[in-house]
Every structure is written in C-alpha cells, then in structure tokens.
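Inside the fold
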Amino acid sequence: MTPPIRPQSEEMRVIGGPGISRSGRRFERIGSTVSPALATESDARRTFYVETYGCEMNQYDSDFIASRFLEEGYAPAPDPESADVLLFNTCSVRQGAEDRVRARIRSFAGVKARHPDMTLGIVGCMAQRLGERLGAEERVVDLVAGTDTYRDLPALVEEKRERSRAARAENPEWSDRDRPDPALIATPIDAEHTYAIRRHPTPAEGPIAFLTIMQGCDKFCTFCIVPFTRGRERSKPWREVVDEASRLVERGAKQITLLGQNVNSWCDDELGFADLIRKVDRVPGLERLFFTSSYPRDMTDDVFEAIAECRTPIEYLHFPVQSGADPVLKRMKRRHTVEWYLRRVEKARALIPNLQLSTDLMVGFPGETEEDFRATLDLVREVRYAECFMYQYSPREGTPATKLVDDLPEEEKARRLSELIALQRGIVGEILRENVGREVEVLVEAPSKKNPREPFGRTRERFMVVLPEDSARPGDLVRVVLSEVSGSTYRGIPVETGARWVS
C-alpha cells in the first residue's frame, strides 16, 4: 500500500491560523500497484523507491516515475534502504531544499557500501539545474537525470547497470562511483514535451488526487529559478487532461487539483483555461476541482465566471501577489501593479460567493524599503487572505535577481517576516471565528492525526474540520455545522436532517 504523505521539511512558511505553521512539504511516495513480473537472473523482480522533495507537482512527477518502473516490471520497495533503485526527486526553489537533499544522499554512503548493486539517482529540478556538477560533487550518486527524462528513467537505470557490470567484470576493484559518467547525465528540456497519461497508474492517495496539466514558465520573474529548471510553458492537450481526470475519479478520487507552474496559463489551440475548467467539471463522479499555482495576469474574467458557474470548482483561489509595493513588483518583473491586483480581487469576490484567497508574499527583496514593506502589510490588511505562503528573500544562483544589490541585513529581513506572520495570524483568526456556526459541506480526506477515529476533511473554502469519532469515512461528503475552532481547525457537527453522503 502506498505510504502516507508525510510532511518532513520546512521549505516555505505557511500560516494557516494562530500559532500554526505548515511547511512546504517533502512527500514520500512509491508506486504500489504492480505489473506482471519480469524475471531477472535470480528470478526476482528488481525494486524501486522514489523519495520526493518539494510541491504537489513533484509529487505528481514521482507518481509518473513510479508508473514507468511498474510498467517495466519493477516492484515497489518497502523502504529506501532495501531498494535496488533509489531515486531522489528534488526541488530547487530555495537553497535550503537542495542542502537537505545533499545531506540525505550522503547519509546513504554506508547503505551503498553494503549494497553495491543499488542504483542511486537524483532527478528533478536540482538535477536539471546542476547537471554534471552534481554528479561530480556527490560521489555516491550513480545517475543524474533532469526534468524531462522521466519517461526514459527505467532505460537509463538499466543502461547504467549494464555499464557498471561490464566495468566490474573487467576490473573487480573498479567502482563507477569513483567518477561521474557524463553519458548518463541526462538533462535536456524538450520544448514539445508534456507527460503522457499514466498508463499504469499508481493508486490515488485517498479521495484527493493531483493532475499536472502544464509544464514550465514563460514569465521569468527575476527571483525564480523555474524557467531554467522546467523550461518554457507547454500544455497537455485537453482530451488527455479529461481522460486522466476520469481515470483518477474511477480510482476513487473525489477532488482533483490541476497543477502547473502557472496553471492558468494553460492553453490548447483555441481553448483557454476557463474552457478546460468547464470540460473537467463535466467528469462524472468528480465532486471538487482546485488548481494551483496561478499567475495573476492570466486570471481573466472568464476564469472567474467558470469557477462561479460550474459545479465542482471550490470557493478558494490561490492568487500570488509577492509584494504590496509597485517598485518591488517592477524589480521582480511581476507584470502587475497593486492597484490592478486589487481590482482583480474585487472582481473575483463579486462573481464568486464566499470566496477565500491565498497568496505568496516575499519580504526583503533587493531594494525593498521600510515604506515598501509597510505597503505589503497594508495590502494584507485590505485583502484579508485566508492563507499566506510567506518567506524572506535569499539569493538564488542562476536568477537575474542575483545581479541586484542585496544590502538588507538578514536580521532585518527576519524582523519583517515575523511582523508579517503576526499580522496574518491575527487576520486568519478573525476569519475563522467569523465562520463559527455556519453550515457547510465537508469532504472527508483521512483520519485525524491526533485521533485516528476522528475523520478529518475540508470545506469548499479549504477550512480544516475534524468530525466526531466514527462519523464518516474518507471520500464522504458531509453537511456539518462549524461548532468551534481551535488553532486553524474547526470542530464539525454533522447535520442529521438533509445530510448528503457520497461514498
């Protein structure tokens, strides 16, 4: 059975309520549906394990990688130490993410010594960014493969394995970890590449599923490494998106999250993102639709109208602003002003009842003055976000922002971040208290972590709710009254009359 998604590392600070900090998560997942066995020399199937760092898109990528190994007859390993093939799917958004991956990889030196036939590989954004340099610096690594090589990973692994066996046959003392093998460092970005549908899909993680619909970014914000690790924007054809969404629902998904670096920049011939929302909305059995992360300039009226008019889109919109000061936005090359952004927020709220907003905010960007920072605080007070992903700027090698003068002391950046977090906590606390007493619909996602007998779920505005013991199962849709709130989580009392259950 697929291991649960477990939060492991702090990547971005996410404030969901007073006293609550939720991290950008490292997901660990392996494939668990097995394909027909393919015999090896020992008549045993080789095993794989994928350990994933980063966002939901990386989680989706890991599922795709798992499906490819399953197609080739591999079996999932119960843990990374016992796998024949161990892959680290990596993130490059911040330096801290790469540092954690390096530390984790180096901890496997002893495992590799005991298991010399293990293939240890680094894939994803970190591999794309560093390439051969990463293979040279991390001697325990056998394979470095970039973001557009996932279809070919089983073949790359087998090629590496065969070369190593041949080299050891000629010289038993030779180790392929003594030097990187440039022929197997694969990091091209294919402008025409989008992922195919997972023909041998891994099981959905309960009622919540993710679906990547586009790759890359054309925006080139000065602080962002994504265009250099994921390439230019390219979209999955709409029929493939709908087909894969239907497969996910058939496997038990009740909510699908559409993913992309700029998900609302998706396009397919004459169709735009609003058209795609309407098509996915018609998938039988789908109850809720969510998408992230969006780009403000591509958030058009027709997208708001599709959210308002369709059955499944939830009343929650991730609308990343980054700063509340126009001079900072200009240096970031964000292509919007604060006034323009506020008009879009006003339009969205006028069209979508009960809409809750989340955003990304960065403090301490090069040239940010105290006045600029105060403008960001004013923006947060005006918009009243239900959730914020907040972080302080740090230089990212390879981005244009590194050419700007970054003379703000780290202590001052940290002070500004702390003040922003405190303001956001207060606002979220007010929003949560205002909703006590409302009757809402909750999609049960999983058992509560504190008490497995208590179902945990979310409202259509993504508020977290815990239900009474044994009152529902994952995948159920339950009408509840929000009776009280503790931290960022409500207690929900099921409505006995007129309750709607979908199992």
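Calculation rules
- Residues numbered from 1 in each chain as written.
- Predicted model: local features only at pLDDT ≥ 70, side-chain atom pairs only at ≥ 80, totals over all residues.
- Heavy atoms only, no water.
- Helix = DSSP H or I, 4+ residues; strand = E, 2+ residues; numbered from the N terminus.
- Buried < 20%, exposed > 50% of the residue type's maximum accessible area, 1.4 Å probe, protein only.
- Contact = heavy atoms within 4.5 Å.
- Core = buried A, V, L, I, M, F, W, Y, C linked by side-chain atoms within 4.5 Å.
- Expected span 1.5 Å × (residues − 1).
- Pairing = 2+ DSSP bridges.
- Axes fitted to C-alpha atoms, helices over the stretch in contact; angles between N-to-C directions.
- Salt bridge = Lys/Arg side-chain N within 4 Å of Asp/Glu carboxyl O.
- Phe/Tyr/Trp six-rings, centres within 6.5 Å; stacked < 30°, edge-to-face > 60°.
- Lys NZ or Arg CZ within 6 Å of the ring centre and 35° of its normal.
- Parallel < 35°, antiparallel > 145°, perpendicular 65-115°, else oblique.
- Nonpolar A, V, L, I, M, F, W, Y, C, P; charged D, E, K, R; others polar.
- pLDDT = per-residue confidence, 0-100.
- Left-handed = near helix turned anticlockwise from the far one by under 90°.

Quick notes on the overall build of the chain
When helices and strands are tallied, the chain shows 14 helices and 23 strands. Relative to its full complement of 503 residues, the chain shows a buried share of 58%. Residue pairs at least 24 apart in sequence account for 74% of intrachain contacts in the chain once pairs closer than 6 positions are excluded.

Comments concerning the nonpolar core
One finds I213, I256, L258, F273 and F291 to be the most contacted residues of the largest nonpolar core, which totals 82 residues. Among the elements that make up this core, the one with the highest residue count is helix α14 (residues 410-434) (eight residues). For I213, the residues in contact, after removing those within four places along its chain, are S235, K236, V241, L258, L259, V263, W266, F273 and L276. In terms of nonpolar packing, the next biggest core, distinct from the first, is built from 20 residues, A77, A83, L134 and V140 among them.

Observations concerning helix α1 (residues 56-71)
Helical geometry: 3.6 residues make up each α-helical turn, so side chains three or four residues apart lie on a common side. Between its first and last C-alpha atoms α1 spans 23 Å; for 16 residues at 1.5 Å apiece the expected length is 22 Å, and the two agree. In terms of residue burial, α1 counts as a mostly covered element, since 14 of its 16 residues are buried. Directly beyond the C-terminal end of α1, a positive phi value near 95° is found at G73.

Section: the sheet that holds strand β15 (residues 288-292)
Paired through backbone hydrogen bonds, the strands of a sheet run either parallel or antiparallel to each other. The sheet built from three strands is open, its strands ordered β9-β12-β15 with parallel pairing. If you trace the sheet from one side to the other, it starts and ends with β9 (208-212) and β15, each paired once. Neighbour to neighbour, the strand axes of the sheet diverge by 25° on average, direction disregarded. Pairing analysis gives five bridges linking strand β12 (residues 255-259) to β15, with the strands arranged parallel. In the strand pairing of β15, T257 is matched with F290. Strand contacts of helix α8 (residues 238-250): β9 and β12, with the helix running at about 160° to β9, the strand carrying the most contacts.

Section: the pattern of salt bridges
Tallied over the full model, the rule gives 43 salt bridges. E368 is the partner of R416 in a salt bridge, and the nearest nitrogen-oxygen pair spans 2.8 Å. Of the two residues, R416 sits in helix α14 while E368 sits in the loop between β17 (356-363) and α13 (370-383), which places them 48 residues apart along the sequence. For the pair R416 and E368, one class covers both residues: buried.

Points about the packing of aromatic side chains
Under the definition given, this model contains nine aromatic pairs. With a centroid separation of 6.4 Å and an interplanar angle of 80°, the aromatic rings of F223 and F365 are classed as edge-to-face. Of the two residues, F223 is situated in the loop between β10 (214-215) and α7 (226-230) and F365 in the loop between β17 and α13; the sequence distance between them amounts to 142 residues. Exposure remark for F223: the relative accessible area of 14% places this residue in the buried category. When the ring of F463 is compared with that of Y490, the centres are 5.8 Å apart and the planes differ by 75°; the resulting orientation is edge-to-face. Remark: Y490 occurs in strand β23 (residues 489-494) and F463 occurs in the loop between β20 (455-458) and β21 (464-466); sequence separation between them is 27 residues. Judged by relative accessible area, which is 6%, F463 ranks as buried. Seen from the ring of W340, R297 lies directly overhead, with NZ or CZ sitting 4.4 Å from the centre. For R462, the ring lying beneath its charged end belongs to Y316, and the centroid distance is 5.3 Å.

Side note on the packing of helix α12 (residues 338-351) against α13
Remark: α12 packs on α13, axes separated minimally by 12 Å, with the N-to-C direction vectors making an angle of 10°. When the interaxial angle is binned, α12 and α13 end up roughly parallel. Contact residues: V338, Y341, L342, V345 and R349 in α12; L379, E382 and V383 in α13. Among the residues making up the contact of α12 with α13, the classes are represented as six nonpolar, no polar and two charged.

Side note on the confidence of the model for the chain
Looking at the chain as a whole, the pLDDT averages 82, with 83% of positions reaching at least 70. Predicted confidence for residues 1-43 stays below pLDDT 50, and this span has 142 contacts to residues more than four positions away or in other chains. The low-confidence segment residues 497-503, where pLDDT is below 50, has 20 contacts with residues more than four positions distant or belonging to other chains.

Details of the pairing of strand β19 (residues 439-447)
In this sheet, strand β22 (residues 477-486) lies alongside β19 in antiparallel orientation, the contact comprising five bridges. Paired with V440 across the two strands is V480, which belongs to β22. Two elements, β19 and β20, share four bridges in a ladder whose sense is antiparallel. Residue L443 lies in a different strand from β20, and its bridge partner there is R458.

So, the packing of α8 against helix α9 (residues 273-281)
Two elements in contact, α8 and α9, have axes separated by 10 Å at closest approach and are oriented at 30°. Two packed elements cross with a definite hand, and for α8 against α9 that hand is right-handed. Residues W238, V241, V242 and A245 of α8 touch α9, and the partners they reach there are L276, K279 and V280. Taken together, the residues of the contact of α8 with α9 break down into six nonpolar, no polar and one charged.

Describing the sheet that holds β19
Strand order in this closed barrel of five strands is β19-β20-β21-β23-β22, and the pairing throughout is mixed. Ignoring strand direction, the axes of neighbouring strands in this sheet form an average angle of 55°.

With respect to the environment of Y49
Following the sequence through the fold, Y49 ends up in strand β3 (residues 47-52). Residues Y49 and F88, 39 residues apart in the sequence, show an inter-C-alpha distance of 8.6 Å.

Structural notes on unusual backbone geometry
The step from T292 to S293 runs through a cis peptide bond, and the omega angle for that step is 0°. Within the element layout of this structure, S293 appears in the loop between β15 and α10 (301-309). We note that K333 has phi near 60°; this positive angle belongs to a residue other than glycine. If you trace the backbone, K333 turns up in the loop between α11 (326-332) and α12. For K333, a relative accessible area of 52% gives the class exposed. If you check the backbone angles, R335 has positive phi at about 70° while not being a glycine. Of note, R335 is situated in the loop between α11 and α12. The exposure class assigned to R335 is partly exposed, which follows from its relative accessible area of 47%.

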